[in-house]
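# Chain and residue survey
Here is how the chains run, residue by residue.
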Amino acid sequence: MNIVACVKQVPDTEALIKVKADGSGIEEGGIKWVMSPYDEFGVEEALKTKEKFGGEVTIVSIGPARTMETVRTALAMGAEKGIHIDDPALYNADAYATASALAAAIKGIPHDIIFCGMRAIDDDSGQVGSILAELLGLPSVTVITKLDIEGSTAKAIKPIEGAQLLIETSLPCVITAQKGLNEPRYASLPGIMKAKKKPVEVKKAADLGLTVEQKSTVAKMSPPPARPPGKIIQGDDPAAKAAEVIRLLREEAKVI
Amino acid sequence: MRELIVYAEQKGGMLVDVSLEMMAQAVQLSHRINGTISAILIGDSCGYNADELICHGAHKVYLVEDKRLALYQNAATAKVVADILSVQSPEIVLIGGTSVGTDVAARVAARLRTGLTAHCIDLSIEEIDGEDQLVQTVPGWGGRMSVKIVCPQRRPQIVTIRPGVMEKGDPDPTRRGDLIPVMPVLTEDDFGARTLAFVEEKTKAGSLDDARIIVSGGFGLYGSGGFRLIEALADVVNGEIAGTRPAVDHGWIEEERLIGQSGKNVRPRLFISIGTSGAMHYTTGFSRAQVVVAIDRNASAPIFDVAHIGIVGDLNRIIPCIIKELTKEALPERTRS
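Residues numbered from 1 in each chain as written. Chains lettered and ligands numbered in written order. Predicted model: local features only at pLDDT ≥ 70, side-chain atom pairs only at ≥ 80, totals over all residues.

A word on the overall build of chain A. From N to C terminus, chain A includes six helices and 14 strands. Along the three orthogonal principal directions, the C-alpha set of chain A runs to about 70 × 45 × 40 Å. Within the span of chain A, comprising 256 residues, buried residues form 47% of the whole. Contacts spanning at least 24 positions in sequence make up 70% of the contacts within chain A whose residues lie at least 6 apart. (Helix = DSSP H or I, 4+ residues; strand = E, 2+ residues; numbered from the N terminus. Buried ≥ 20, exposed ≤ 12 C-beta atoms within 10 Å, placed from the backbone. Contact = placed C-beta atoms within 7 Å.)

See the structure below:
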């Protein structure tokens, strides 16, 4: 089976994010970059699928030179090869432009199933998998916690608010992974060594026949609005402090 | 007249809350652009929900009834919505930032080759380059950033709205609107993936979405018997329990009660956060709570920057005191009844 997993490199969840002075983006200095956690579930499911049905896993990622590290991480987990789309026109791409670039790369290779994370943890938009499916003319099953492939069909479970959807799709298709789908493996030391020799093609948008088309633009980034400072209840006696908080909640805030 | 269209999502035959929250938002925006409001209602037989949309401000309801759409079908629904939008050419389209809304919105935007901004927490109209543009605010980087996005060239401007961040309006039963039946043009090929079943989950505890009081705990409860204190306090204030990522990871609380970026976005009257340091990806989940109380032993924890009332001290001593304080006054009432 020809399996594709799309990954994005994002700032570590604990990274301190600062806005550039002109509000156009974030300061990248000092940030630790990692594979977006939901993409790890996608890579893991891709590897499990390969282990069950045979075939190979191709990793596709977009970003500047540092992105290669994340592609290598996926290769170290067990994927066979990578495509790294490195084009400045795509560095701050919106979901549509991102999905178009992924679609252009994936069109050029055989693909029976494509995995993405359900969203990246930086912009949180959660659109790329669905747009990718639409651009490739494929069915999509998004934000799933269970996948069973049998022959050329797959059944998946998609949790929604207070319910679950059982969804069936034919292959090829796009799947986006939610936490709970699997437990991503760690790269082993031999895996890391092998990954260094695995082939990764670096491509520009033009190599893929792609003109980058941005639909949305970021007008401004700013820190979230500050709130006025709250009231800290002082004192050493826990009983007195407890009584005071109850009094404030009852008499002033009137919420209990 | 410019048109604003709301995708009215339903679940189990009822409109979901965010559908009505978006109607209120559409009413506000329509005043700014002097527009009309329409809703798209899709299902098997669901016309009975049209009146509620009209009472909440819809001038028109496009009603699509088709047996094949009794369950949510992503590709087919996206085609039906995109077909209506292509004919109507609205200025703005609002879709709920639910599991279903997020799924359908991306496919609709891709079909129309327009932009989509996901999980907006605020919308406004501003004149940019001589044109009214929808300025779409989203939290980025787990709430550590506020990002304003515009879609300058393409129309419609499509956004999904985070559930629970906007208020529903009051229904006005005197409002009148038009019901416009639309015949969907769907072949088998338009379906793609097929939803076979919708299985409602019975959660054992109450819902966080409508909770008036939420007591939430974090890693600071380590060594305090986990969530024992949280459960006891929630019990006396008649609140729901919730927690941070570390609390979920320690198995103290279920994943569905996780607050924050990758969990729930709640809007209670009172949110009590106990033993939580206040990471931004957590605090973003209760930024709309009316009153936030934080209790933690670390005086410099960032949770105190977002709390209205803070108590610094030993959780094992303070929480039992609070419980005692609450029960001692409640007791006489109980004996009377």
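What follows deals with the overall build of chain B. In terms of regular secondary structure, chain B is built from nine helices and 18 strands. For the C-alpha atoms alone, the extent of chain B along its principal axes is close to 65 × 50 × 40 Å. Across the 337 residues that make up chain B, the buried fraction comes to 56%. Of all intrachain contacts in chain B linking residues separated by at least 6 positions in sequence, the fraction that spans at least 24 positions is 65%.

Residue and element names in this part refer to chain A. Here strand β5 (residues 81-85) lies mainly inside the structure; four of its five residues are buried. The pairing of strand β4 (residues 56-62) with β5 spans five bridges and is parallel. Across the sheet, isoleucine 59 pairs through a bridge with glycine 82, a residue of β5. Between β4 and its parallel partner β5, the chain crosses via helix α2 (residues 67-77), and the hand of that crossover is right-handed. (Pairing = 2+ DSSP bridges. Right-handed = clockwise from strand over helix to strand, strands pointing away.)

What follows covers the interface of chain B and chain A. Listed as interface residues are 66 residues of chain B and, on the opposing side, 62 residues of chain A. Considering every element that reaches the side of chain B that touches chain A, the biggest residue donor is helix α4 (residues 99-112) of chain B, with eight residues. Residues that form the side of chain B that touches chain A fall into these classes: 34 nonpolar, 20 polar and 12 charged. When strand β14 (residues 231-233) of chain A meets strand β18 (residues 309-312) of chain B, the two strands line up parallel, connected through three bridges. (Nonpolar A, V, L, I, M, F, W, Y, C, P; charged D, E, K, R; others polar.)

Right, let's talk about the sheet that holds strand β5 (residues 60-65) of chain B for a bit. Residue and element names in this part refer to chain B. Spatially, β7-β11-β6-β1-β4-β5-β12 is the arrangement adopted by the seven strands of the open sheet, whose pairing is parallel. Taken across any chain shown, the strands that pair with only one partner, and hence form the sheet edges, are β7 (116-120) and β12 (178-181). In this sheet, neighbouring strand axes are inclined to one another by 20° on average, regardless of whether the strands run parallel or antiparallel. Direction of pairing for strand β1 (residues 2-7) relative to strand β4 (residues 35-43): parallel, over a ladder of six bridges. Across the sheet, leucine 4 pairs through a bridge with isoleucine 37, a residue of β4. (Axes fitted to C-alpha atoms, helices over the stretch in contact; angles between N-to-C directions.)

So, on to the packing of helix α4 (residues 128-136) of chain A against α4 of chain B. Packing of α4 of chain A against α4 of chain B brings their axes to within 8 Å, and their N-to-C directions diverge by 40°. On the basis of the axis angle, α4 of chain A is oblique to α4 of chain B. In the packing of α4 of chain A onto α4 of chain B, the handedness of the crossing is right-handed. Mapping the contact onto sequence places Ser130, Ile131, Glu134 and Leu135 of chain A in α4 of chain A and Asp103, Ala106, Arg107, Ala110 and Arg111 of chain B in α4 of chain B. For the contact of α4 of chain A with α4 of chain B, a count of residues per class yields four nonpolar, one polar and four charged. (Parallel < 35°, antiparallel > 145°, perpendicular 65-115°, else oblique. Left-handed = near helix turned anticlockwise from the far one by under 90°.)

Attention now goes to the packing of helix α3 (residues 95-107) of chain A against α4 of chain A. All names here are of chain A. Here α3 crosses α4 at 50°, and the two axes come no closer than 8 Å. In terms of axis orientation, α3 runs oblique to α4. Judged by the sense of rotation from one axis to the other, the crossing of α3 with α4 is right-handed. Of α4, the residues touching α3 (which contributes Ala95, Tyr96, Thr98, Ala99, Ser100, Leu102, Ala103, Ile106 and Lys107) are Val128, Ile131, Leu132, Leu135 and Leu136. Classifying every residue of the contact of α3 with α4 by side-chain character gives 11 nonpolar, two polar and one charged.

Attention now moves to the sheet that holds strand β10 (residues 163-170) of chain A. One open sheet holds the four strands; their spatial order is β8(A)-β9(A)-β10(A)-β13(B), and the pairing between them is antiparallel. This sheet does not close on itself; its edge strands, each paired only once, are β8 (146-150) of chain A together with β13 (194-200) of chain B. If you compare each strand with its neighbour and ignore which way they point, the axes differ by 15° on average. For strand β9 (residues 153-160) of chain A and β10 of chain A, the ladder comprises eight bridges, and the chain directions are antiparallel. Bridge pairing in β10 of chain A links isoleucine 157 of chain A to leucine 166 of chain A.

The biggest cluster of nonpolar side chains holds 130 residues, and the ones touching the most others in it are Ala5 and Leu132 of chain A together with Leu41 of chain B. Sorting elements by how many residues they give to this core places α3 of chain A first, with nine residues. Not counting residues within four places of it along the chain, the set of residues in contact with leucine 41 of chain B comprises Ala8, Cys46, Asn49, Ala50, Leu53, Val61, Tyr62, Leu63 and Val64 of chain B. Among the nonpolar cores identified, the runner-up in size contains 51 residues, and Leu233, Ile241, Ile253 and Phe271 of chain B belong to it. (Core = buried A, V, L, I, M, F, W, Y, C linked by C-beta atoms within 7 Å.)

On to unusual backbone geometry. Residue and element names in this part refer to chain A. The peptide bond linking leucine 171 to proline 172 adopts the cis configuration, its omega dihedral lying at -5°. You will see that lysine 254, though not glycine, has its phi angle at about 55°, which is positive. Note that lysine 254 resides in the segment after α6 (238-252).

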